[in-house]
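Summary of structural features
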Amino acid sequence: MAFITISGYPCSGKSTIAQRVKDDLERRLQDPEYKGSALRVVVVSDESLSIPRSVYNDSRSEKPARGALLTAVQRNMNQDTILIVDAPNYIKGFRYQMYCAAREAKLRVCTLYTVATADVCRSRNEARPEEQRYAPETLENMIARFEEPSSMVRWDSPLFTITWTDEELPMDSIWDAVTHGNVKPPNAGTQAVVKAPTSALQALEQTTTALVSAISTHPSVVDGFGGKISLAIPGSSDKMELRLPPRTLTLPELQRLKRQFVTVHKKAITLGTTEKGTVDWSERSIARKFAAYVEENVRP
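Predicted, not measured: the structure shown is a model, and the values here were computed from it.

Procedures and definitions
Residues numbered from 1 in each chain as written. Predicted model: local features only at pLDDT ≥ 70, side-chain atom pairs only at ≥ 80, totals over all residues. Heavy atoms only, no water. Helix = DSSP H or I, 4+ residues; strand = E, 2+ residues; numbered from the N terminus. Expected span 1.5 Å × (residues − 1). Buried < 20%, exposed > 50% of the residue type's maximum accessible area, 1.4 Å probe, protein only. Arc of directions from axis to C-beta. Contact = heavy atoms within 4.5 Å. Polar contact = N/O pair within 3.5 Å; in protein donor to acceptor, adjacent residues only side chain to side chain. Axes fitted to C-alpha atoms, helices over the stretch in contact; angles between N-to-C directions. Parallel < 35°, antiparallel > 145°, perpendicular 65-115°, else oblique. Left-handed = near helix turned anticlockwise from the far one by under 90°. Nonpolar A, V, L, I, M, F, W, Y, C, P; charged D, E, K, R; others polar. Core = buried A, V, L, I, M, F, W, Y, C linked by side-chain atoms within 4.5 Å. Pairing = 2+ DSSP bridges. Salt bridge = Lys/Arg side-chain N within 4 Å of Asp/Glu carboxyl O.

Attention now moves to helix H2 (residues 59-75). Its 17 residues place the ends of H2 24 Å apart at the C-alpha level, agreeing with the 24 Å of an ideal helix rising 1.5 Å per residue. All of the buried residues along H2 are Glu-62, Ala-65, Leu-69, Leu-70, Ala-72 and Val-73. Angular distribution of buried residues about the axis of H2 spans 160°; they occupy a single face of the element. Residues Arg-60, Lys-63, Pro-64 and Arg-75 are exposed on H2 and point more than 90 degrees away from its buried face. Buried-residue contacts for H2 involve strand E1 (2-8), strand E2 (40-45), strand E3 (81-86), helix H3 (92-104) and helix H5 (136-145). You can read the cap of H2 off the contacts: a side-chain oxygen lies 3.0 Å from the backbone nitrogen of Arg-60, and it is on Asp-58.

The following block contains the structure:
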């Protein structure tokens, strides 16, 4: 359904904001005036995954921790869930990685940026119980490395900025983003590549060769009358219609069109395609595509 990323300095109030957003969303979902589908609100955080603050002390321990967080996020990405990820999320590359996963799951997305000064974060960190504190040097390092979200990039937008002094949250706007925001299609680079069957190359070559022969020997083509002709589809009892210009089509011309058509489609067969649900390498499909290609490319 929707994915909300919370980003900000350590101790900037992310967990407090996450809980307030969760409570407000659940209240709206339980309102009698809400007529949408039944949804649940889930918060995934370092605390929920028992990830200690110490993992951020060095990159060797931080990397597997981010991996565990991403796995938990992907596991909870569902159409019946509004998912909130409450973690530092201070690296834009990691935010982009989660954004791509959300697009793959066809979720609406938005980002909440909790803003607090470095001094406020240091003070809050010192006030925490020892087991919940960041080491001072770790806190300074994370603040220095923080990559601020920007509404100008697609993986951070729509972006809602909340300062540590704000008493009210822009919940109406957040609610609109998670319930009515645009659902962007998955990136082509993240989609599974659909491989053609092993017989596709043979079917492509044989079908186009048979059609070239049938077209070149058809009486209307030989006599130069052109117009609408009917041809049998190779490997099928069906027929198809093809409209040609009123002139003689030479065999070399038809063979040139065949080579062009085969070259284009051979690449899709050997490398695969991301056209889910539309790939059909049967003789019937190849014949109809080639007929349409000939109609579009023969000169009057």
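Bringing the packing of helix H1 (residues 14-30) against helix H6 (residues 171-180) into the picture now. Interaxial distance between H1 and H6 falls to 11 Å at its minimum, and their mutual angle equals 65°. The orientation of H1 with respect to H6, classified from their angle, is roughly perpendicular. At the point where H1 passes H6, the crossing takes the right-handed sense. Packed against H1, whose contacting residues are Val-21, Asp-24, Leu-25, Arg-28 and Leu-29, the element H6 presents Met-171, Asp-172, Trp-175 and Val-178 at the interface. Of the residues contributing to the contact of H1 with H6, the split by class is 6 nonpolar, no polar and 3 charged.

On to the nonpolar core. Counting residues in each nonpolar core, the largest one holds 37 residues, and the members touching the most others are Phe-3, Val-73 and Met-77. No other element matches H3, which puts 6 residues into this core. Ignoring anything within four residues of it in the chain, the contact list for Phe-3 reads Val-73, Met-77, Leu-83, Val-85, Met-98, Ala-102, Leu-107, Arg-108, Val-109 and Cys-110. One finds Val-212, Leu-231, Leu-254 and Val-294 within the second-largest nonpolar core, a separate group that totals 27 residues.

Attention now moves to the sheet that holds strand E5 (residues 159-163). Pairing within the open sheet is parallel, and its 5 strands lie in the order E2-E3-E1-E4-E5. Single-partner strands in this sheet number two, and they are E2 and E5. Between one strand and the next, the sheet's axes are offset by a mean angle of 20°, whatever the strand orientation. Pairing geometry for E2 and E3, over 6 bridges, is parallel. Residue pairing in the sheet places Val-42 in a bridge with Leu-83 of E3. Across the sheet, H6 lies against E1, E3, strand E4 (108-115) and E5, angled at about 155° from E4, the strand it touches most.

Now for the packing of helix H4 (residues 118-127) against H5. Packing of H4 against H5 brings their axes to within 11 Å, and their N-to-C directions diverge by 150°. Of the possible angle classes, the one that applies to H4 and H5 is roughly antiparallel. Seen from above, H4 lies across H5 with right-handed handedness. Contacts from Ala-118, Cys-121, Arg-122 and Asn-125 of H4 reach H5 at Leu-139, Glu-140 and Ile-143.

Following Ser-157, the chain continues to Pro-158 via a peptide bond in cis, the omega torsion being -5°. Structurally, Pro-158 can be placed in the loop between H5 and E5. The phi torsion at Cys-11 lies on the positive side, around 70°, for a residue other than glycine. Among the secondary structure elements, Cys-11 is positioned in the loop between E1 and H1. Looking at Cys-11, the relative accessible area reads 4%, which means it is buried. Even without being glycine, Ser-50 reaches a positive phi, approximately 60°. In this fold, Ser-50 is placed in the loop between E2 and H2.

It is worth spelling out the pattern of salt bridges at this point. If you walk through the whole model with that rule in mind, you get 15 salt bridges. Across the pair Arg-28 and Asp-172 runs a salt bridge, and its minimum N-O distance is 2.8 Å. Pair noted here: Arg-28 is in helix H1 and Asp-172 is in helix H6, with a separation of 144 residues, a long-range link. Of the residues examined, Arg-28 reaches a relative accessible area of 17% and is grouped as buried. Note on Asp-172: relative accessible area 57%, which makes it exposed. In this structure, Glu-205 engages Lys-258 in a salt bridge whose closest nitrogen and oxygen atoms are separated by 2.7 Å. Remark: Lys-258 occurs in helix H9 (residues 251-271) and Glu-205 occurs in helix H7 (residues 200-216); sequence separation between them is 53 residues. Look at Lys-258 and you get buried, because its relative accessible area is 12%. Taken together, the salt bridges that share partners define one network made up of Asp-24, Arg-27, Arg-28 and Asp-172.

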